[in-house]
Amino acid sequence: MLLPSLAHIRTVFFATLRRFPVELLVATVGTVCAIAFVILIARENASDLKEQTKTLTYVILSCVLSMSTVLALTILREGNVLRAAWYWLLVAGALPGFYWFTTYAVSSESTSQYLAACAAVHLFVAVSGIWKRSRDEFWEFNKSIFLRLLSAGIFTGALVAGTSAALASLDVLFDVKIDYWIYASNVAVFVGWFNTIHVLSGVPTRSPLQPFPLVLLRFTQYVLLPLVALFMIILYAYAGKVVLFSNLDGNVAGYVLAEAILGTLAYLLVYPLQTSENHRWIALFGRWFAVAMLPLTIMLWVAIGVRVAAYGVTEERYAVMALATCLSVVVLYLSAWRSPDIRFIPVVLLVVAVVAAIGPLNVRSVSVLSQLHRTEELLRKTGLVVSRHIQRDVWLQLPAEERSEILSQMRFTMSIADSTTLRDWMQSIADSAPQVINYDTFIVWLGVQSSVNEGLVRAVLPMDQYRSPKNIWARNGSVQPFVLRDYREDDREIQHIFYDSGEWVLRFENTTPLSMSITSPEGTSALVDLSKDLVLSNHYQVDRFPRGYFTYSVMLNGKRVRVSFHEFWGTVSDNTWRNVSAEGIILVERP
């Protein structure tokens, strides 16, 4: 076999460019944005470029979705299923639409929703080959793309490894400094551009049935099918154990799904040979695989039901349920029809993937609603919420196991639901909801106490939000700077004492979370609520804020007292301050 000449490579490239111009444009945009992303994060001031890197991330992820969608639309246009006007209209709508979807999925940290969308657009490419193709031509079309993807992965991996080794040799042998962003850019070019061009150049226009690849036949017949049979025997043995001893482990769902995926892949790979007289073992597998999967499918749903009843629906369990739904429909179809149509399988997968990605039953919405429902049931069952009233005196009467379960459930619920959804839910089961929604204010709202070993939450005053008057000095009074570096030990109060006609006390209260009090020499106190201004995050960077002042003002005994922070951060646990680090000035003014 001769190596392709440069002229042949050039011819193939320009032919691919003429056939798939939009796809290559999307690949170019995604590759350029990936290179820009790695260059930005390599800079010393990367923390100041958070918005730029976030935008680049959105563009890159939306290009991944757009690439497969545009490819599917191009295949439909080539098959005269779509007219040119509809094609360009759908392409123009897909690109901004996927950018919007990506910003929503990423900002809400719904990785499963984005992965469902990725699965949907790739299945759309497979389904696009249905029109004006017979069953065998449809199989040939998808087989060609499948093998092209495998070869692209092998070639891309080899080129990335080889060029990275070459760059590393320059660093070692010639002392040429190669920054890590150059390695990352090298990966982006080969994955984003070379891999895409290689796959697109192999997308077939027509799909006449070709001789079955011998390597594929040997792999399926002597590797994949024996593995499927082995797993089938093991799972049936486990099913017998469950029947005899009534001991079902919810983790069996993963093994059943793995068996289903391997078996379905084997079924699809050898589909044209199932009617061949020379491959009776394959024909036997094609006829009875789905029937053998029926009892395992029932066991799968029982295992899912056990886990969901105990812990509710999570994004991972939703994915398992979605795959189980596909398996059930496909198994029933293959078992019932004597001559099943292979095109039915990707259509079912596509429908389920679309439902999981968008719409009212998407993976995030269902999992959030399920966990909120479970949290509400737990609160009502333990008596913490009765008739829209929170019973704060119940907490200490609960057993330790129930308190631990409630805290664990609340932490998980807070990690998956956004603040708006949580506030609406709180108002639906009780009369009020806190303004700042986080784990700390959540347990304050319920009146519960977490353990002393709970993870600390950092509280920061954002100094870029100026709340300081133009003139912060005292014309008639005193101005005193303060530095407060204090850690709570044995519930010792965090406080600062200063003097102006007597002893004044600035105290961060133990009993009232996220607040401070100012006490005058006469003993009059004023409480300042910090919760509405504090930013709560374990990953918040104080040095991101520019220098400024954040001022609170109260009136005590006819004197205006201003506390102006130019630095403030603290950590909160068990709804109380654990430590505070603050600097600023205190102003006591006379009327």
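Overview of the structure. (Residues numbered from 1 in each chain as written. Predicted model: local features only at pLDDT ≥ 70, side-chain atom pairs only at ≥ 80, totals over all residues. Heavy atoms only, no water.)

Side note on the packing of helix 3 (residues 50-78) against helix 5 (residues 111-127)
The N-to-C vectors of helix 3 and helix 5 enclose an angle of 20°; their axes lie 8 Å apart at closest approach. For the element pair helix 3 / helix 5, the angle class is roughly parallel. Pair helix 3 / helix 5 crosses with left-handed handedness. Contact with helix 3, carried on its side by Leu 61, Val 64, Leu 65, Ser 68, Thr 69, Leu 71, Ala 72, Leu 73, Ile 75 and Leu 76, involves Tyr 114, Ala 117, Cys 118, Val 121, His 122, Phe 124 and Val 125 of helix 5 and no other residues of that element. Among the residues making up the contact of helix 3 with helix 5, the classes are represented as 14 nonpolar, 3 polar and no charged. (Axes fitted to C-alpha atoms, helices over the stretch in contact; angles between N-to-C directions. Helix = DSSP H or I, 4+ residues; strand = E, 2+ residues; numbered from the N terminus. Parallel < 35°, antiparallel > 145°, perpendicular 65-115°, else oblique. Left-handed = near helix turned anticlockwise from the far one by under 90°. Contact = heavy atoms within 4.5 Å. Nonpolar A, V, L, I, M, F, W, Y, C, P; charged D, E, K, R; others polar.)

Some remarks on the packing of aromatic side chains
Counted under the stated rule, the structure contains 12 aromatic pairs. With a centroid separation of 5.5 Å and an interplanar angle of 20°, the aromatic rings of Trp 139 and Phe 212 are classed as stacked. In this pair, Trp 139 is assigned in helix 6 (residues 135-174) and Phe 212 in the loop between helix 7 (180-201) and helix 8 (214-245), connecting sequence segments 73 residues apart. As far as the burial class goes, Trp 139 and Phe 212 line up, both buried. With centroids separated by 6.4 Å and ring planes inclined at 55°, the aromatic side chains of Tyr 267 and Tyr 271 adopt a geometry described as tilted. With a relative accessible area of 12%, Tyr 271 lands in the buried category. In textbook terms, an aromatic cluster arises when at least three aromatic residues are bridged by ring pairs, as seen for Phe 13, Phe 14 and Trp 193. (Phe/Tyr/Trp six-rings, centres within 6.5 Å; stacked < 30°, edge-to-face > 60°. Buried < 20%, exposed > 50% of the residue type's maximum accessible area, 1.4 Å probe, protein only.)

Quick look at the pairing of strand 8 (residues 525-529)
Here strand 8 shows a buried face lined by Ala 526 and Val 528 and an unburied face lined by Ser 525, Leu 527 and Asp 529. Two strands pair when backbone bridges link them, and strand 7 (residues 515-519) and strand 8 are joined in this way by 5 bridges, in the antiparallel orientation. Across the sheet, the residue bridging to Thr 519 is Ser 525, located in strand 8. (Pairing = 2+ DSSP bridges.)

By themselves these figures say nothing about function.
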